[in-house]
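Spelled out, the chains give:
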Amino acid sequence: MKILFGVQGTGNGHISRCRTLAKALKKVGADVDYILSGRDPKDYFDMQAFGNYRTFGGLSFATLNGKINFRKTIQRIRAFRLIKDVRDLDLSAYDCIISDFEPVSAWAAHHQNRECLGISNQSVCQYLKPKEYGTIANVIMKYYAPVTQPIGLHWFHFGHKLIPPMIDSFATPPTEDGKIIVYLPFEDLTEITELLSQFPQYQFSCFHPEIKQSSARGNILLQPLSRDNFTQALLSCSGIISNTGFALISEALSLGKKILTKPVAGQFEQVYNAQCLQSLDMATVMEHLNSMKLKYWLGLPSPKPTIYPDVATELANWIVSGQKETLLSLSQRLWSQTKFPSNVSERIKSLGYV
C-alpha cells in the first residue's frame, strides 16, 4: 500500500507520535512518503524514521510568555503559498492519505476529492464537542486540516469510538532517581528557572528550545532538546512538569510518572486536555507557574502506570488491511486491553462509565 502521511511539525509531540506509527507502518510493509509543515526545516531533529521527508510552510501558532499570540499567528500566515502547496501536491499515486492535524495533506485530499484519515488528539473534538471550545476554536478545528475519517486519540474514550494513545515501547524499564523533568517550551526560561530555584532540595532537569548547550544553575540542569537524552531522563525521573500536549503526557502515564501540567493559555486543545486529566485524576494542573502548586505536587507519591495496548501496530494493520474492521470495533477492542490505576478506575466509575 502506498501512503502519504502528513505530519504536523509545530510540536515535538506530533512528531513523536507519528514516529511511533511510522515504525509500525514500516513493519507491516507499507510504502510511506512523509510531508511535514509548520516549522523551519532546520529546526527538525531525530527524523530518521521519516526517510526522505518533504517540508512545507503550512500553518502554525505563535506563542508569547506561555500564551497564544493571535496577532503574530495571523502575521505568520502565508495564504498564497499554502494554496499553491495544496494545489501542487499530487495525490494520484497514493492509496491512502493520512493527516496528523497537518493542513497541506488534508486540504490537498479535500481539493482532489480523496478520503483522508485524521489521526490525532485534535480529532477528539469531532466526537466530544467540548463546551470549552468557543467559536474561533471550532472554526479552527473544522477548517485547519479537514478530514473525512477523524480518528481521535485520547486517554479515555468517554463513550465514543476514540482509541488509546500510541506510545513507543522502551528498551529499559522505568526507575526513579529523584530528579524532576521540566519541559515547558512555550514558557519564558527565566521565569521557569526562578520558580525551580525556590526548591533547592530538589534536582530539576530542564529541557527548553532556548538552551543550546548543557549547563548547571544551582539545582537546575539546563539541557538542549535531544530525543535520546530526554527519553533517558524520562525513564529515570520521579515526575514531569510540562505543558499539556498529548504525546509526552501519554508517555508519562504509561511509565507511572507523576505529572504537573500547565496548559498554554489560549491554546484550546491544551486547556481541554488539562480538564480531562483533572477529571480522570491523572495529573495535577496549574493555570500559571505557581510555587504553591509546585510545592504541593512535589510532595505527592508516584502513581501506578496506565497500561495501554500496542495501538500503533494495531492501527498500522487496520490501515493496510483496508480498514475492514469498523472503527467502533477497533476502539472497543483496544480499550478492553487497557488497564488503569485504581484511582483512575474509581474516577471513571464516578463519571458514569464502566
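Since the model is a prediction, treat every value here as computed from it, not as a measurement.

Calculation notes
Residues numbered from 1 in each chain as written. Predicted model: local features only at pLDDT ≥ 70, side-chain atom pairs only at ≥ 80, totals over all residues. Heavy atoms only, no water. Phe/Tyr/Trp six-rings, centres within 6.5 Å; stacked < 30°, edge-to-face > 60°. Helix = DSSP H or I, 4+ residues; strand = E, 2+ residues; numbered from the N terminus. Buried < 20%, exposed > 50% of the residue type's maximum accessible area, 1.4 Å probe, protein only. Domains from an automatic or database assignment. Contact = heavy atoms within 4.5 Å. Buried area = accessible area lost by both parts, 1.4 Å probe. Salt bridge = Lys/Arg side-chain N within 4 Å of Asp/Glu carboxyl O. Polar contact = N/O pair within 3.5 Å; in protein donor to acceptor, adjacent residues only side chain to side chain. Expected span 1.5 Å × (residues − 1). Pairing = 2+ DSSP bridges. Core = buried A, V, L, I, M, F, W, Y, C linked by side-chain atoms within 4.5 Å. Axes fitted to C-alpha atoms, helices over the stretch in contact; angles between N-to-C directions. Parallel < 35°, antiparallel > 145°, perpendicular 65-115°, else oblique. Left-handed = near helix turned anticlockwise from the far one by under 90°.

A closer look at the packing of aromatic side chains
Applying the stated criterion to the full structure yields 15 aromatic pairs. Measuring from centroid to centroid gives 5.9 Å for Phe156 and Phe340, while their planes differ by 70 degrees, and the two rings are edge-to-face. Of the two residues, Phe156 is situated in the loop between β8 (149-152) and β9 (180-183) and Phe340 in the loop between α13 (327-336) and α14 (342-350); the sequence distance between them amounts to 184 residues. A residue is classified by how much of its surface remains accessible, and Phe156, at 3% relative accessible area, is buried. Within the aromatic cluster, the residues linked to one another by ring pairs are Phe156, Phe158, Tyr308, Trp335, Phe340 and Tyr353.

Focus on the domain arrangement of the chain
One can read the domain layout of the chain as domain 1 (1-165 + 308-348) and domain 2 (178-297). Each of domain 1 and domain 2 was reduced to a C-alpha centroid, and the two centroids are 24 Å apart. At the interface, 36 residues of domain 1 touch 32 residues of domain 2. Each partner contributes to the roughly 2900 Å² buried at the junction of domain 1 and domain 2, and carbon and sulfur atoms together form 63% of this total. For the interface between domain 1 and domain 2, the tally reads 0 salt bridges. Connecting domain 1 to domain 2 are 7 residue pairs in polar contact (both at pLDDT 80 or more). For the side of domain 1 that touches domain 2, the elements supplying multiple residues, two or more each, are α1 (12-27), β5 (67-68), α6 (135-143) and α14.

Focus: helix α10 (residues 268-279)
With 12 residues, α10 should cover 16 Å at 1.5 Å per step; its first-to-last C-alpha distance of 17 Å lies within 8% of that length. Among the residues of α10, Phe268, Glu269, Gln270, Tyr272, Asn273, Ala274, Cys276 and Leu277 are the ones counted as buried. Phi for Asp281, located one or two positions after α10, is positive at around 60 degrees.

With respect to unusual backbone geometry
Its identity is not glycine, yet Asp46 carries a phi of approximately 55 degrees, on the positive side. In this structure, Asp46 sits in the loop between β2 (31-37) and β3 (54-56). Within the chain, Phe101 stands out as a residue other than glycine whose phi angle is a positive 50 degrees. Position of Phe101 among the secondary structure elements: in the loop between β6 (96-100) and α4 (103-111). Residue classification places Phe101 among the buried residues on the basis of a relative accessible area of 8%.

Details of the sheet that holds strand β14 (residues 259-261)
Spatially, β11-β12-β10-β9-β13-β14-β15 is the arrangement adopted by the 7 strands of the open sheet, whose pairing is mixed. In the strand order of this sheet, the two ends are held by β11 (215-217) and β15 (284-285), each with one partner. Where strand β13 (residues 240-242) lies against β14, 3 bridges are found, and the strand directions are parallel. Paired with Ile240 across the bridge in β14 is Ile259.

Observations regarding the nonpolar core
Counting residues in hydrophobic clusters, the biggest one holds 68 residues, and the most contacted among them are Phe5, Leu25, Ile119, Met282, Leu315 and Ile319. Counting residues domain by domain, this core receives three or more from each of domain 1 (1-165 + 308-348) and domain 2 (178-297). If sequence neighbours within four positions are ignored, Leu315 has contacts with Leu21, Ile119, Ile163, Met166 and Leu330.

Overview of the sheet that holds β6
Ordered by their spatial adjacency, 6 strands build an open sheet running β3-β2-β1-β6-β7-β8, and the pairing between neighbours is parallel. Each having just a single partner strand, β3 and β8 make up the two edges of the open sheet. This sheet shows a mean twist of 20 degrees between the axes of neighbouring strands, independent of strand direction. Judged from the 4 bridges that link them, strand β7 (residues 117-120) and β8 form a sheet pairing that is parallel. By the bridge assignment for β8, Gly118 is matched with Pro150. Contacts between helix α12 (residues 311-320) and the sheet are confined to β1 (2-8), β6, β7 and β8, with β7 contributing the most and set at about 175 degrees to the helix.

Describing the packing of α1 against α12
Relative orientation of the contacting elements α1 and α12 amounts to 55 degrees, with a least axis distance of 8 Å. Between α1 and α12, the interaxial angle falls into the category oblique. The handedness of the crossing between α1 and α12 is right-handed. Between α1, through Thr20, Leu21, Ala24 and Leu25, and α12, the contact on the second element is made entirely by Ala312, Thr313, Leu315 and Ala316.

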